[in-house]
Amino acid sequence: MPGKHQHFQEPEVGCCGKYFLFGFNIVFWFSVFLGLIFFLELATGILAFVFKDWIRDQLNLFINNNVKAYRDDIDLQNLIDFAQEYWSCCGARGPNDWNLNIYFNCTDLNPSRERCGVPFSCCVRDPAEDVLNTQCGYDVRLKLELEQQGFIHTKGCVGQFEKWLQDNLIVVAGVFMGIALLQIFGICLAQNLVSDIKAVKANWSKWNDDFENHWLTPTISEVLSTAGPQQNSLTGAPGPAPPSRHVFFGLGGLYPEPTFKNW
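## Here's the deal with the state of the cysteines
Tallied over the entire structure, the rule returns four disulfides. Each sulfur of the disulfide joining cysteine 89 and cysteine 157 lies 2.0 Å from the other. Handedness of the cysteine 89-cysteine 157 disulfide follows from its S-S torsion of about 85°: it is right-handed. Linking cysteine 89 in the loop between helix 3 (74-86) and helix 4 (145-148) with cysteine 157 in helix 5 (residues 157-214), this pair joins segments that are 68 residues apart in sequence. You'll find cysteine 89 and cysteine 157 in the same group, each marked buried.

## Side note on the nonpolar core
If you look at the biggest cluster of nonpolar residues, it comprises 22 residues, and the most contacted ones within it are Ile63, Trp87, Trp98, Val118, Cys122 and Ile152. Those elements that place two or more of their residues in this core are helix 2 (52-68), helix 3 and helix 5. Broken down by element, the residue count for this core peaks at five residues, all from helix 5. Setting aside chain neighbours within four positions, we find valine 118 in contact with Cys90, Pro95, Trp98, Phe104, Gly137, Val140, Arg141 and Ile152.

## What about the side chain of arginine 56?
Residue placement: arginine 56 occurs in helix 2. For arginine 56, the side chain forms a polar contact with the side chain of glutamate 162, separated by 3.1 Å. Those residues in contact with arginine 56 that sit more than four places away from it in its chain are Arg93, Val158 and Glu162.

## Some words on the pattern of salt bridges
Under the definition given, this model contains six salt bridges. Two residues, arginine 71 and glutamate 114, come together in a salt bridge whose shortest N-O distance is 2.3 Å. On the criterion of sequence distance, the pair formed by arginine 71 in the loop between helix 2 and helix 3 and glutamate 114 in the loop between helix 3 and helix 4 is long-range, its members being 43 residues apart. One salt bridge in this structure joins arginine 113 and aspartate 139, with 3.4 Å as the shortest N-O distance. Of the two residues, arginine 113 is situated in the loop between helix 3 and helix 4 and aspartate 139 in the loop between helix 3 and helix 4; the sequence distance between them amounts to 26 residues. The exposure class of aspartate 139 is partly exposed, given its relative accessible area of 30%.

## Some details on a nonpolar patch on the surface
A surface patch of nonpolar side chains, about 460 Å² in accessible area, is lined by Ile46, Val50, Phe51 and Trp54. In this fold, valine 50 is placed in helix 1 (residues 15-50).

## Some remarks on unusual backbone geometry
Although it is not a glycine, serine 88 adopts a positive phi angle of roughly 50°. With respect to the helices and strands, the residue serine 88 is situated in the loop between helix 3 and helix 4. Positioned with a positive phi, aspartate 139 is a non-glycine residue whose angle comes to about 60°.

## Points about helix 3
Within an α-helix, residues lying three or four positions from one another point in the same direction, as the helix has 3.6 residues per turn. With 13 residues, helix 3 extends 18 Å between its outermost C-alpha atoms, agreeing within 8% with the 18 Å of an ideal straight helix rising 1.5 Å per residue. All of the buried residues along helix 3 are Leu76, Gln77, Ile80, Asp81, Ala83 and Gln84. Across the axial projection of helix 3, the buried residues extend over an arc of 165°, all falling on one side. Turned more than 90 degrees away from the buried face of helix 3, the exposed residues are Ile74, Asp75 and Phe82. At the N-terminal end of helix 3, a side-chain oxygen is found 3.0 Å from the backbone nitrogen of aspartate 75, two or three residues along, and the residue is aspartate 73. One or two steps after helix 3, the chain reaches serine 88, where phi turns positive at roughly 50°.

## A short note on helix 2
With 17 residues, helix 2 should reach 24 Å at 1.5 Å per residue; the first-to-last C-alpha distance of 24 Å fits that figure. Ile55, Arg56, Asn60, Ile63, Asn64, Asn66 and Val67 are the residues of helix 2 that are buried. Down the axis, helix 2 shows its buried residues gathered within 165° of arc, on one side only.

## Some thoughts on the confidence of the model for the protein chain
Taken as a whole, the protein chain shows an average pLDDT of 75; of its residues, 62% reach a score of 70 or greater. When mean pLDDT is compared element by element in the protein chain, helix 3 scores highest at 93, while strand 3 (residues 247-250) scores lowest at 46. Per-residue pLDDT stays below 50 along residues 1-8; that stretch engages in ten contacts with residues further than four places along the chain or on separate chains. Note that pLDDT drops below 50 for residues 244-255; the model gives that stretch 28 contacts with residues more than four away or on any other chain.

## Quick look at the environment of arginine 125
Relative to the helices and strands, arginine 125 resides in the loop between helix 3 and helix 4. Looking at arginine 125, the relative accessible area reads 44%, which means it is partly exposed. Residues arginine 125 and phenylalanine 151 lie 26 residues apart in sequence; the distance between their C-alpha atoms is 8.4 Å. Ignoring sequence-local partners within four residues, the contact set of arginine 125 consists of Glu85 and Leu132.

Rules used throughout
Residues numbered from 1 in each chain as written. Predicted model: local features only at pLDDT ≥ 70, side-chain atom pairs only at ≥ 80, totals over all residues. Heavy atoms only, no water. Disulfide = S-S within 2.5 Å. Helix = DSSP H or I, 4+ residues; strand = E, 2+ residues; numbered from the N terminus. Buried < 20%, exposed > 50% of the residue type's maximum accessible area, 1.4 Å probe, protein only. Core = buried A, V, L, I, M, F, W, Y, C linked by side-chain atoms within 4.5 Å. Contact = heavy atoms within 4.5 Å. Polar contact = N/O pair within 3.5 Å; in protein donor to acceptor, adjacent residues only side chain to side chain. Salt bridge = Lys/Arg side-chain N within 4 Å of Asp/Glu carboxyl O. Patch = residues over 30% accessible without salt bridge, like charges linked within 9 Å, V, L, I, M, F, W, Y side chains within 5 Å. Areas by Shrake-Rupley, 256 points an atom, 1.4 Å probe, with all protein chains shown as cover. Expected span 1.5 Å × (residues − 1). Arc of directions from axis to C-beta. pLDDT = per-residue confidence, 0-100.

Laid out in structure tokens, this is it:
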């Protein structure tokens with residue numbers, strides 16, 4: 001008869017893998033935006049070689065549309081200023097793209113003080129300047145192109161962006177591949193954790209089945225076989241009769257009633 005207490009060698013979920021996977025996911029929650037930027041950069045770089053002309057046209061259209069709305073949205077304005085400063089460019093294809101903006105166009109009917117100018121983010125910064133001169137682009141497009149080069153960046157942002165992608169494609173691709181490998185490693189850890197959980201559940205299911213099979217209530221036939229054949233008091237013939245001692249039903253089988261000696 002099996003004992004009441006049995007020790008099983010149970011599979012367990014690895015604590016190290018569980019907590020490492022938890023921390024791993026937390027890190028990626030914070031770095032997902034950075035990974036998205038790297039992915040977009042790499043995708044843009046690859047697509048730039050495949051659909052170079054189409055992408056150039058779309059990028060040109062995107063920048064020009066933003067140039068038109070430069071003063072209408074402060075967030076968009078900051079984005080354009082950041083791009084022009086970062087890539088040392090002005091407009092989509094050059095400074096004259098700022099004619100698309102009602103504040104900077106060079107028409108005679110334009111009353112704006114920024115007429116024939118460009119935003120300050122197009123200006124060539126003087127390293128000795130401590131205070132940003134936001135009026136450095138005023139009237140600069142009234143000058144000849146060679147003169148403009150001393151004051152503003154004359155290259156368009158589309159060309160500068162393409163050049164930046166080509167110069168940094170290997171670095172961007174390497175970083176992206178590193179992130180991709182880390183994500184694959186996280187997937188492997190998650191799969192291993194799932195396998196451990198399934199093994200634990202299967203072990204508990206088997207243990208419950210064994211427990212039910214070993215501790216079932218005995219049947220009537222088991223009671224009679226335990227009591228044994230006895231003689232019938234009326235007929236004298238042997239046959240099943242109530243046991244002379246009470247039998248208790250309990251966990252693990254049948255237990256006879258304890259007897260007590262007289263003192």
